[in-house]
Amino acid sequence: MPFIDVRIHPALTADQAGRIATETTRAMDETMSKRREVTAVCVQALPDALWTIGGTLPTRPTAYVDVKITSGTNSEAQKAALVAQLHAMLDDTLGGLAEASYVVVHELPATDWGYGGRTQAARKVQANGNTP
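The present account deals with the structure reproduced in this document. For clarity, every value in this text was computed on a predicted model and none was experimentally measured.

Reading guide: rules and limits
Residues numbered from 1 in each chain as written. Predicted model: local features only at pLDDT ≥ 70, side-chain atom pairs only at ≥ 80, totals over all residues. Heavy atoms only, no water. Pairing = 2+ DSSP bridges. Helix = DSSP H or I, 4+ residues; strand = E, 2+ residues; numbered from the N terminus. Axes fitted to C-alpha atoms, helices over the stretch in contact; angles between N-to-C directions. Salt bridge = Lys/Arg side-chain N within 4 Å of Asp/Glu carboxyl O. Buried < 20%, exposed > 50% of the residue type's maximum accessible area, 1.4 Å probe, protein only.

Our next topic: the sheet that holds strand β4 (residues 102-108). Taken together, four strands build an open sheet; the order of strands is β2-β1-β3-β4 and the sheet is mixed. Pairing within the sheet leaves two strands with one partner each, and these edge strands are β2 (40-45) and β4. Between one strand and the next, the sheet's axes are offset by a mean angle of 10°, whatever the strand orientation. Bridge count between strand β1 (residues 3-9) and strand β3 (residues 62-70): seven bridges; the pairing is antiparallel. Residue pairing across strands places R7 opposite Y64, the latter belonging to β3.

Here the structure, examined in full by the defined rule, presents nine salt bridges. Between E23 and R26 there is a salt bridge whose closest N-O contact spans 2.7 Å. Taken together, the positions of E23 and R26, both in helix α1 (residues 14-30) and three residues apart, correspond to about one turn of that helix. Taking the relative accessible area as the measure of exposure, E23 reaches 21% and is therefore partly exposed. Given the relative accessible area of 27%, R26 is considered partly exposed. R35 is paired through a salt bridge with E37; the nearest N and O atoms lie 2.7 Å apart. A relative accessible area of 39% means that R35 is categorised as partly exposed. Take E37: its relative accessible area is 59%, and that puts it in the exposed class. A single salt-bridge network, built from bridges that share partners, covers E23, R26, D29, E30 and R36.

Keep in mind these numbers describe shape, not what the thing actually does.
Below you can see the structure in the form of C-alpha cells.
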C-alpha cells in the first residue's frame, strides 16, 4: 500500500538505516493505520551527492522523505502527526537534522497505483463484493 522513499545525506551506518526503515514502517502502521505487510520503505544514503541547502553544503545531516498513500485514506491530523513523527525520529537517529529536511506526503488517486498487479481502486471494488 504505502511506499516511502527516504534519502539521507551523508552516509548512514547499517544500524541507522535499519532503525529508519523499522521506525518508518511502525509510524505508517500506528499513525496512518497502514498494513505493515504491504508497507515498502527504501532507505538511500547519498554520501557522494551534491546536496545543498541555500546553495551551500549542509553542516548537519539532511533528509528527504517521500510518502505515497492512496488519496482520501488519512486525515489532515494523521498526516501532520506523521510529518512530525518522522522528522523527530530522523533527528534522533542522525544526531540532529538540518532544518531544511523534508517529509512530503503524496496522495495518489486509487486508480493510479497499486501493488501485486492490481490498482487500489480494483482492490476496493473487489472488497465490496464486486468484480473489478
